[in-house]
Amino acid sequence: MAAISASLVKELRERTGLGMMECKKALSEADGDIDTAIENLRKNAGLKSAKKAGRVAAEGAVLTRVAEDGTTAVMLEVNSETDFVSRDDNFKNFASEVVNKVLDTRNEDIAVVMEGELEDARAQLVQKIGENITVRRAAVIDAPEGGSVGAYVHGDRIGAVVVLTGGNQDVARDIAMHVAAINPSVSHPEKMPQSELDSEKAIILAQPDMAGKPAEIAEKMVQGRLKKYLAENSLINQPFVKDQNVTVAEYAKQAGAEVVSFVRFEVGEGIEKEEVDFAKEVMEQARRS
């Protein structure tokens, strides 16, 4: 029988989430082979998807749904480890079930939404396809009274929902398409965080043409460039992607609407992906062989 090291027990615990004694017993029965131990645990102890939990799921899909009355929209991000899996029908069907429940319950608390059957379905999907699947986040967006919401998804990877006063779902969807394509920082200039303005001001002041300028002139130049920065990064002031001759605000106004806000999801944003050094992996495998 192979000696069961503490490091081997630790690795199995990290991959399964099971207790130390259970892991040690499983490794002993598998003669120290961690993959065999996991397979036996899955067969005998009902181990579901825990062995995949350590893998980074940074691919996946964004989905949206709009209620029939057009007053509520929801958006969901479901992640997988590879984009190949995100195109699989089993993955798509699962994601569709989750986003439908988010809309039905009007609940963006993932833990609550996934409780019960959906979590079981997720675990079964992990076992079937062999990749970690996570439901990352959801948003429920309501229109104000007399307003509308519209949603747009580009290539299953970028989604946006826009809220309007007045207008209709088609207008909101057109502006959501703009948000998906252009990725504005904020909806209105006054909503730009002060920290971002301070950072941009510091960048402007450090530019070569600011050197040696009198304080008053420098301040006027800074304010002019900040105004341009706000126009370029605020949704309502950007040239509309489908008609560059009008701003988004002007396009909305033509339809009797005003932009209230937007929400934008992009698959994997903010997730730190593990960079794999394949040459290093091959060298390490060669040393072990």
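Attention in this report is confined to the structure presented alongside it. (Residues numbered from 1 in each chain as written. Predicted model: local features only at pLDDT ≥ 70, side-chain atom pairs only at ≥ 80, totals over all residues. Heavy atoms only, no water.)

1. Examining the sheet that holds strand β4 (residues 147-154)
Spatially, the three strands line up as an open sheet ordered β4-β5-β8, and their pairing is antiparallel. With partners counted over all chains shown, the strands left at the sheet margins are β4 and β8 (257-266), one partner each. Strand after strand, the sheet turns through a mean of 15° between neighbouring axes, direction not considered. Bridging between β4 and strand β5 (residues 158-166) involves eight bridges; their strand directions are antiparallel. (Pairing = 2+ DSSP bridges. Helix = DSSP H or I, 4+ residues; strand = E, 2+ residues; numbered from the N terminus. Axes fitted to C-alpha atoms, helices over the stretch in contact; angles between N-to-C directions.)

2. So, the side chain of N79
Here N79 lies in strand β2 (residues 72-80). Polar side-chain contacts of N79 include one of 2.8 Å to the side chain of E77. (Polar contact = N/O pair within 3.5 Å; in protein donor to acceptor, adjacent residues only side chain to side chain.)

3. Section: the packing of helix α9 (residues 194-205) against helix α10 (residues 215-233)
It is at 10 Å that the axes of α9 and α10 come closest, and there the two elements cross at 130°. In terms of axis orientation, α9 runs oblique to α10. Viewed along their axes, α9 and α10 form a crossing whose handedness is right-handed. In this structure, α9 contributes E196, L197, E200, K201, I204 and L205 to the contact, and α10 contributes E219, V222, R225, L226, Y229 and L230. Broken down by class, the residue content of the contact of α9 with α10 amounts to seven nonpolar, no polar and five charged. (Parallel < 35°, antiparallel > 145°, perpendicular 65-115°, else oblique. Left-handed = near helix turned anticlockwise from the far one by under 90°. Contact = heavy atoms within 4.5 Å. Nonpolar A, V, L, I, M, F, W, Y, C, P; charged D, E, K, R; others polar.)

4. Some details on helix α7 (residues 117-129)
The end-to-end C-alpha distance of α7 is 18 Å, a good match for the 18 Å that 13 residues give at a rise of 1.5 Å each. Those residues of α7 not exposed but buried are L118, R122, A123, L125 and V126. Take α7 and look down its axis: the buried residues cluster within an arc of 160°, on one side only. Exposed residues pointing more than 90 degrees away from the buried face of α7 are listed as E117, Q124 and K128. Each element contacted by the buried residues of α7 is listed here: α5 (89-105) and α6 (110-114). The positive-phi residue at the C-terminal boundary of α7 is G130, with phi of around 80°. (Expected span 1.5 Å × (residues − 1). Buried < 20%, exposed > 50% of the residue type's maximum accessible area, 1.4 Å probe, protein only. Arc of directions from axis to C-beta.)

5. Things to note about the packing of aromatic side chains
Under the criterion given, the structure shown has one aromatic pair. Ring geometry for F240 and Y251: centres 4.2 Å apart, planes at 20°, overall stacked. Here the residue F240 occupies a position in strand β6 (residues 239-240), and Y251 occupies one in helix α11 (residues 248-254), the gap between them amounting to eleven residues. The exposure class of F240 is buried, given its relative accessible area of 1%. Look at Y251 and you get buried, because its relative accessible area is 17%. Across the ring face of F265, the terminal group of R137 is positioned such that the distance to the ring centre comes to 4.0 Å. (Phe/Tyr/Trp six-rings, centres within 6.5 Å; stacked < 30°, edge-to-face > 60°. Lys NZ or Arg CZ within 6 Å of the ring centre and 35° of its normal.)

6. A short note on the packing of α5 against α7
The interhelical angle for the contact between α5 and α7, taken along N-to-C directions, is 165°, at an axis separation of 11 Å. One element, α5, and the other, α7, form an angle in the roughly antiparallel class. The interaxial crossing formed by α5 with α7 has left-handed handedness. From α5, N90, F91, F94, E97, V98 and K101 reach across to α7, where they touch L118, A121, R122, L125 and K128. Residue classes in the contact of α5 with α7 are distributed as six nonpolar, one polar and four charged.

7. Description of the sheet that holds strand β3 (residues 134-142)
Taken in spatial order, the three strands line up as β1-β2-β3 in an open sheet, and their pairing is antiparallel. On the outer flanks of this sheet lie β1 (59-66) and β3, each paired with one strand and no other. Geometrically, the sheet is characterised by an average inter-axis angle of 15° between neighbouring strands, direction not taken into account. As judged from the eight bridges shared by β1 and β2, these two strands associate in the antiparallel manner. When the sheet's bridge partners are listed, G60 is paired in β2 with N79. Where α5 meets the sheet, its contacts fall on β1, β2 and β3, and the angle it forms with β2 comes to roughly 145°.

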